[in-house]
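# Observations on the model geometry
Each chain is listed here by its residues.
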Amino acid sequence: MGLYLLDYGAGNVQSLANSIMKLGYNFTWIAQPADFAKATALIFPGVGAFETAIEHLSNRGLLEPLRDYINSGKPYFGICIGMQVLFQSSAESLSKGLGIIPCPIEAFDNIEKPVPHMGWNSANLLNPVEGTTDPIDASYYYFVHSYCAKYDPLRYPAAAEWAHTTTQYGQEIFISSLRRGNIFGTQFHPEKSGAVGLALLDKWLGNSGKFPPHSAFGMPRGVISKGEKHYPTKRIIACMDVRANDEGDLVVTKGDQYDVRERSDSTPDSLIAKAAGAVRNLGKPVALAERYYLMGADEICLLNITSFRYSPLQDQPMLAIVRAAAERVFVPLTIGGGIKDTVDPDGTKRSALEVAGAYFRAGADKVSIGSEAVYAVERLRHHGKGDGTSAIETIARVYGRQAVVVSVDPRRVYVDPKTYEGPYKDELVVGLLDSAETEREKAWWYQCTVSGGRESREISVVELARGVEILGAGEILLNSIDRDGTGIGFDLALIALVKKNVGIPVIASSGAGRAEHFTEVFEKTGVEAALAAGIFHRGEVEIEGVKVALRAKDIPVRV
Ligand code: 1PR
């Protein structure tokens, strides 16, 4: 099979390349228009922005050859943006799509749910053929997108005729896969959908880009009727804090309230700050990432925690780690730390966009921005709007907002509620949600920090969360310096506060010590995902144990 992959230069295509190689197939990249003629099967993957995709294809003279290729009847598999370009237009952009399906791509409404639609959701077959197994089963697949092809046979009969599966998010039903003749497309990412996604790719590749024919379409089977809401499963994320140990090897470490050095029991409390022991070493990043993938983690997160120091792009060791992890992990991979403008040792300036681009090409699906997000929101405060230059804005513009996570490192600032007259009066938490006795009489606000908690800034977590959403972040990774490594449970007051102030997905992080803490955070705050580090590294709780506990409480999880 002459398999070709189309890379438009701004999506994470490496994940798909890794999946194909893992399945034992070879492929060639489309480098020039003439390559389309050599292809006997073509996959166009894409995470990112519709506009960027169309612009890149046009500028490189690839748009019309792509249309010709598809019209020639040779097998085509479009993933996410690669499926959306088949449509007439997208609400995301002024650029026109290929128009093969004469219907628009529309935005999700974010009135009753967070947008992007991010996570694992089911794909429901339309009219399955009796006695046959379809390449798409009812399993969960990984979605990440803000725009979709609505499944609405009355308004869009032409699109409905192409629909192969539908998926529901909130009350909206959209086309999650489509097929006709030589064309197959998925809104979800098979390359990021673990074993079921790899199996789907394998079936298409193994049959030289074809699936068995399917029956006529009818009404959706298994689609939850309008009126009932339906959401993706809650995600469980394993996080690895990575830094160099004193020997210079990159290791997974884990702090207590962000202090990652060993403490000797004999060190008096007064000297703890000075008694800098060795950096805790909990394992190798790539091996652990693979282990968590195999154990059922819904996403993997790698944070370069000392990148606030000089962190050039040239010879960046984290790139090699991401590259190796992406070859073994087939669920979404987020990389954080050091996503900022930087300068290489030879004086070459690198923008945050370039740094992020290097990580995406290495196989990351999302980048997580910490300190730079705080500075950007501080500027937003002074100018009233983004100036278009921040890392969040530049990366979201090219790669789409779903690829931009903001990692927040807040710390509680305790105040006397009777006398406090400061600017965060409206955000004060008075120890209500938290069960800890010691907190009940106290009040506090949450202050943001930079450089891994080393420096506090005059900005509250609420202002930061709202600000990064305005700038274009797609998700918030909400840490808590007070709870990090304590095992006493997530900071529910913090998480509920941020959740109610933003319309993008929120990941709860820091403090998980038992499986019940996950149940509690989902039930009491409604967050979309929960992340833990220490309990997984130390093997105290397995990911499966967390999911069993969630299922027992009827909280939907990917099995
Ligand atoms: O500022 O853009 O370079 O990003 C730096 C990144 O590194 C940020 O995401 C920041 O949160 C992270 N970071 C910096 N220093 C530390 C540290 O620990 N000394 N780690 C650090 C943050 C928090 C979580 C941790 C959870 C769960 N660690 O990542 O995994 O708290 O832990 P637990 O389940 O064991 O409680 P930039």
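Residues numbered from 1 in each chain as written. Predicted model: local features only at pLDDT ≥ 70, side-chain atom pairs only at ≥ 80, totals over all residues. Heavy atoms only, no water.

Worth spelling out the cut-off: UniProt positions are given in the numbering used here, feature names are shortened, and annotations may be inferred rather than shown by experiment.
Naming follows an unreviewed UniProt entry, where the chain appears as Imidazole glycerol phosphate synthase hisHF of Collybia sordida. As stated in UniProt under Pathway (unreviewed entry), the record for the chain gives "Amino-acid biosynthesis; L-histidine biosynthesis; L-histidine from 5-phospho-alpha-D-ribose 1-diphosphate: step 5/9." Of the comments in the UniProt record for the chain, the one headed Function (unreviewed entry) reads "IGPS catalyzes the conversion of PRFAR and glutamine to IGP, AICAR and glutamate. The glutaminase domain produces the ammonia necessary for the cyclase domain to produce IGP and AICAR from PRFAR. The ammonia is channeled to the active site of the cyclase domain."

### Describing the overall build of the chain
Our working rule: The helix count covers DSSP runs of H or I at least four residues long, the strand count covers runs of E at least two residues long, and both are numbered beginning at the N terminus. What the globule rule says is 2.2 Å times the number of residues to the power 0.38, and the radius of gyration is computed from C-alpha atoms. Throughout, exposure labels follow a simple rule: accessible area from a 1.4 Å probe, protein chains only, divided by the maximum for the residue type, with under 20% read as buried, over 50% as exposed, and the rest as partly exposed. Should any heavy atoms of two residues lie within 4.5 Å, those residues are counted as being in contact. Each accessible area is a Shrake-Rupley result for a 1.4 Å probe, and residues are judged covered by the shown protein chains and nothing else. Counted as positive: Lys and Arg. Counted as negative: Asp and Glu. His and the chain ends are not counted at all. Each charge is placed at NZ for Lys, CZ for Arg, CG for Asp and CD for Glu.
Of the regular secondary structure elements, the chain holds 17 helices and 27 strands. In terms of overall size, the chain behaves like a compact globule, its C-alpha atoms giving a radius of gyration of 24 Å where 559 residues would be expected to give roughly 24 Å. Its C-alpha atoms give the chain principal-axis dimensions of roughly 75 × 55 × 45 Å. A burial count over the chain gives 59% of its 559 residues as buried. Counting only contacts in the chain whose residues sit at least 6 apart along the sequence, the fraction spanning at least 24 positions is 73%. Summed over its atoms, the accessible surface of the chain is roughly 22,000 Å², and 51% of this surface lies on carbon and sulfur atoms. Looking at the chain, you have 59 positive and 67 negative side-chain charges, and the mean spots of the two groups are 1 Å apart.

### A short note on the domain arrangement of the chain
Rule in force here: These domain limits were set by an automatic method or by a database of domain assignments. One side-chain nitrogen of Lys or Arg within 4 Å of one carboxyl oxygen of Asp or Glu is enough to make a salt bridge. Under the convention adopted here, Pro, Cys and the residues Ala, Val, Leu, Ile, Met, Phe, Trp and Tyr are nonpolar, Asp, Glu, Lys and Arg are charged, and Gly plus all remaining residues are polar.
According to the domain assignment, the chain consists of domain 1 (3–206) and domain 2 (235–552). Averaged C-alpha coordinates put domain 1 and domain 2 at centres separated by 31 Å. Listed per partner, the contact involves 29 residues of domain 1 and 31 residues of domain 2. If you look at where domain 1 meets domain 2, you find one salt bridge. Between aspartate 365 and lysine 192 there is a salt bridge; the shortest N-O distance is 2.9 Å. Secondary structure elements with two or more residues in the side of domain 1 that touches domain 2: α1 (14–22), β7 (117–122), β9 (140–145) and α7 (194–206). The residue makeup of the side of domain 1 that touches domain 2, split by class, is twelve nonpolar, 13 polar and four charged.

### Some thoughts on the UniProt feature "binding site: substrate" (unreviewed entry) in the chain
Going by this rule: In the analysis that follows, any N or O atom pair within 3.5 Å is treated as a polar contact, provided that within protein one partner can donate a hydrogen and the other can accept it, and provided that, for residues neighboring in sequence, both atoms belong to side chains.
The residues that UniProt annotates with the feature "binding site: substrate" (unreviewed entry) are Gly338 and Asn479. Tracing the backbone shows glycine 338 in the loop between β17 (333–336) and β18 (342–343). Since its relative accessible area comes to 15%, glycine 338 is described here as buried. Non-local contacts of glycine 338, meaning those with residues more than four positions away in its chain, are made with Ser307 and Val355. Within the secondary structure layout, asparagine 479 lies in the loop between β25 (475–478) and α14 (492–501). Contacts of asparagine 479, omitting those with residues within four sequence positions, involve Tyr258, Ser407, Val408, Asp409, Pro410, Leu494, Ser509 and Ser510. A polar atom in the side chain of asparagine 479 sits 3.0 Å from the side chain of aspartate 409.

### Topic: the pairing of strand β15 (residues 250–253)
Rules: Paired strands, in this sense, are two strands between which DSSP finds at least two bridges.
As defined by bridge partners, strand β14 (residues 235–244) adjoins β15 across four bridges and the pair is classed as antiparallel. Counterpart to valine 242 in the pairing with β15 is valine 252.

### Points about the environment of isoleucine 507
With respect to the secondary-structure elements, isoleucine 507 resides in strand β26 (residues 506–509). With relative accessibility at 4%, the residue isoleucine 507 sits in the buried group. Linking isoleucine 507 and leucine 477, residues 30 residues apart in sequence, is a C-alpha distance of 4.8 Å. Sequence-distant contacts of isoleucine 507, defined by excluding residues within four places in its chain, comprise Ile237, Glu475, Ile476, Leu477, Leu478, Ala529, Ala530 and Leu531.

### Here we look at the sheet that holds strand β8 (residues 124–125)
Pairing is mixed across the open sheet formed by eight strands, whose spatial order is β2-β1-β3-β4-β13-β12-β11-β8. The sheet is open, and its two borders are formed by β2 (28–29) and β8, each paired with just one other strand. Both strand β1 (residues 3–5) and strand β3 (residues 41–44) contribute to a ladder of three bridges, which runs parallel. In the strand pairing of β3, leucine 3 is matched with alanine 41.

### Some words on the state of the cysteines
In plain terms, the rule: In this description, the term disulfide denotes a pair of cysteine sulfurs within 2.5 Å.
Under the defined criterion, the tally for this structure stands at zero disulfides. Cysteine 301 takes part in no disulfide bond, and the closest cysteine sulfur to it belongs to cysteine 239, at a distance of 4.1 Å. Of the residues examined, cysteine 301 reaches a relative accessible area of 3% and is grouped as buried.

### So, the site of the ligand
Condition: The nearness test applies per residue and asks whether one of its heavy atoms lies within 4 Å of the molecule or strand.
Within the structure, the ligand sits among 25 residues, and Lys254, Ser371, Asp409, Asp484 and Ser510 are positioned closest to it. Within the contact set of the ligand, a nitrogen atom lies 3.0 Å away from a side-chain nitrogen or oxygen of aspartate 241. With respect to the ligand, the backbone of glycine 370 contributes an N or O atom lying 2.9 Å from an oxygen atom. Protein contacts shield 97% of the accessible area of the ligand, which totals 770 Å² for the unbound molecule. Every element with two or more residues in the shell around the ligand is listed here: β14 and β27 (529–532). Broken down by class, the residue content of the shell around the ligand amounts to eight nonpolar, 13 polar and four charged.

### Remarks on the side chain of glutamate 172
Relative to the helices and strands, glutamate 172 resides in strand β12 (residues 172–180). Here glutamate 172 falls in the buried class, since its relative accessible area comes to 11%. A polar atom in the side chain of glutamate 172 sits 3.1 Å from the side chain of lysine 150. Excluding its chain neighbours within four sequence positions, the residues that come into contact with glutamate 172 are Ala107, Phe108, Asp109, Lys113, Lys150 and Thr167.

### Observations regarding unusual backbone geometry
In this structure, the amide linkage connecting valine 115 to the following residue, proline 116, adopts the cis form with an omega of 10°. Residue placement: proline 116 occurs in the loop between β6 (101–107) and β7. A positive phi angle, near 55°, is found at cysteine 80, a position not held by glycine. Along the chain, cysteine 80 falls in the loop between β4 (76–79) and α5 (81–84). Exposure remark for cysteine 80: the relative accessible area of 4% places this residue in the buried category. Unusually for a residue other than glycine, glutamine 257 sits at a positive phi of about 50°. Mapped onto the elements, glutamine 257 comes out in the loop between β15 and α8 (285–294).

### Details of the packing of aromatic side chains
For the record, the criterion: Put simply, two rings from Phe, Tyr or Trp (the six-membered ring, in Trp's case) pair if the centres are within 6.5 Å, and we call them stacked under 30 degrees between planes, edge-to-face over 60, tilted for the rest. Comment: the charge-over-ring label is applied if NZ (Lys) or CZ (Arg) is within 6 Å of the ring centre and within 35 degrees of the ring normal.
All told, the structure shown has 18 aromatic pairs when counted by the stated rule. Centroid distance phenylalanine 27 to tryptophan 29: 5.2 Å. Interplanar angle 85°. Geometry classified as edge-to-face. The partly exposed category is assigned to tryptophan 29, whose relative accessible area is 30%. Their ring planes at 80° and their centres at 5.4 Å tell us that phenylalanine 108 and phenylalanine 174 sit as a pair that is edge-to-face. With a gap of 66 residues between them, phenylalanine 108 in the loop between β6 and β7 and phenylalanine 174 in strand β12 connect regions that are remote in the sequence. Classification of phenylalanine 174 by relative accessible area gives buried; the value is 0%. The ring of tryptophan 444 carries arginine 412 above its face, with NZ or CZ at 3.9 Å from the centroid.

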